[in-house]
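Chain by chain, the residues:
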Amino acid sequence: MSVQDQIPTNLPSGSQSHGFMISYLEALSLVERLHRLLLDVIKDEFERVGVLEINAVQALLLFNIGDNEVTAGELKSRGYYQGSNVSYNLKKLVEMGYMHHQRCEIDRRSVRVKLTDKGRKIRDVVSTLFLRHAEGLEDKGVLGPAGIDDITASLKRMERYWSDQIRYIY
């Protein structure tokens with residue numbers, strides 16, 4: 001199915017809105033593909049280094065937690081993960097020894113998690129992978145500091161717009 005097939009029929013063909021809609025749908029498709037590709041790249045790296053018990057989503061979760069001690073709710077509120085997905089993966093990571101968990105003293109329903117040494121090793125693998133990619137993008141002239149800053153600024157504006165739509169649409 002092409003991007004053209006996704007355009008609402010009430011949009012006049014050849015209009016400026018029509019052209020922007022095509023570009024917008026292509027951007028959305030690219031964001032989706034890049035996320036899936038990022039997970040594939042991480043999975044590939046873990047296969048290369050012989051770590052097979054952890055999946056790419058879990059590795060990315062460990063990377064994003066880093067040296068922090070967090071709750072599942074904090075990860076969800078930061079926008080990293082969806083509800084049941086984060087709870088399931090945190091539980092699995094604790095069971096496999098990548099994270100410690102402890103009930104919060106104030107709210108006994110809440111559980112705080114942090115990385116174990118085993119979890120920090122996984123975080124370091126992902127961090128090294130990302131460093132290698134950043135250096136490669138710059139060294140090969142694929143993307144420089146200005147280009148990455150432009151992309152990041154544009155994506156932040158889009159994130160803000162979507163967040164506002166969720167908060168204020170009704």
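Residues numbered from 1 in each chain as written. Predicted model: local features only at pLDDT ≥ 70, side-chain atom pairs only at ≥ 80, totals over all residues. Heavy atoms only, no water.

**With respect to the overall build of the chain**
Stage number 1. Within the chain, the regular secondary structure consists of six helices and three strands.
Stage number 2. Ordered by position from the N terminus, the helices and strands of the chain form the series α-α-β-α-α-β-β-α-α.
Stage number 3. Each of the 170 residues in the chain was classed as buried or not, and the buried ones make up 23%.
Stage number 4. Nonlocal contacts in the chain, meaning residues at least 24 apart in sequence, comprise 48% of its contacts between residues at least 6 apart.
Stage number 5. Of the roughly 12100 Å² that the chain leaves accessible, carbon and sulfur atoms contribute 54%. (Helix = DSSP H or I, 4+ residues; strand = E, 2+ residues; numbered from the N terminus. Buried < 20%, exposed > 50% of the residue type's maximum accessible area, 1.4 Å probe, protein only. Contact = heavy atoms within 4.5 Å. Areas by Shrake-Rupley, 256 points an atom, 1.4 Å probe, with all protein chains shown as cover.)

**Some words on the nonpolar core**
Stage number 1. Grouped together as the largest cluster of nonpolar side chains are 23 residues, with contacts concentrated most on Leu 62, Ile 65, Leu 90 and Met 99.
Stage number 2. Looking at this core, the elements that each hand over two or more residues are helix H1 (16–48), helix H2 (56–65), helix H3 (72–77), helix H4 (83–95), strand S3 (111–115) and helix H5 (117–139).
Stage number 3. Here this core takes six residues from H2, the largest share from any one element.
Stage number 4. When sequence neighbours within four positions are dropped, the list of residues in contact with Leu 90 reads Leu 61, Ile 65, Ala 72, Leu 75, Met 99 and Val 113. (Core = buried A, V, L, I, M, F, W, Y, C linked by side-chain atoms within 4.5 Å.)

**Details of the pairing of S3**
The side chains of a regular strand alternate, first on one face of the sheet and then on the other.
Stage number 1. Where strand S1 (residues 70–71) lies against S3, two bridges are found, and the strand directions are antiparallel. The residue of S3 that forms the bridge with Val 70 is Val 113.
Stage number 2. In this structure, strand S2 (residues 99–103) lies alongside S3, joined through five bridges in antiparallel fashion. Paired with Gln 102 across the two strands is Arg 112, which belongs to S3. (Pairing = 2+ DSSP bridges.)

**What to know about the sheet that holds S2**
Stage number 1. Reading across from one edge, S1-S3-S2 is the order of the three strands in this open sheet, with antiparallel pairing throughout. Edge positions in the sheet fall to S1 and S2, since each has one partner strand and no second.

**Overview of the pattern of salt bridges**
Stage number 1. What the rule picks out here adds up to 11 salt bridges.
Stage number 2. A salt bridge links Arg 132 to Glu 45, with the shortest nitrogen-to-oxygen separation between them at 2.9 Å. In this pair, Arg 132 is assigned in helix H5 and Glu 45 in helix H1, connecting sequence segments 87 residues apart.
Stage number 3. Ionic pairing is found between Asp 124 and Arg 123, a salt bridge with its closest N-O pair at 3.1 Å.
Stage number 4. Judged by its relative accessible area of 38%, Asp 124 falls in the partly exposed class.
Stage number 5. A residue is classified by how much of its surface remains accessible, and Arg 123, at 15% relative accessible area, is buried.
Stage number 6. Within this structure, Glu 45, Arg 48 and Arg 132 form a network of salt bridges that share partners. (Salt bridge = Lys/Arg side-chain N within 4 Å of Asp/Glu carboxyl O.)

**Topic: a nonpolar patch on the surface**
Stage number 1. A grouping of Val 31, Ile 148, Ile 151 and Leu 155 is seen on the molecular surface, where their side chains present a nonpolar patch of about 310 Å² in accessible area.
Stage number 2. It is helix H6 (residues 145–168) that provides the largest number of residues to the nonpolar patch, a total of three residues.
Stage number 3. Summarising the element assignment, Leu 155 is placed in helix H6. (Patch = residues over 30% accessible without salt bridge, like charges linked within 9 Å, V, L, I, M, F, W, Y side chains within 5 Å.)

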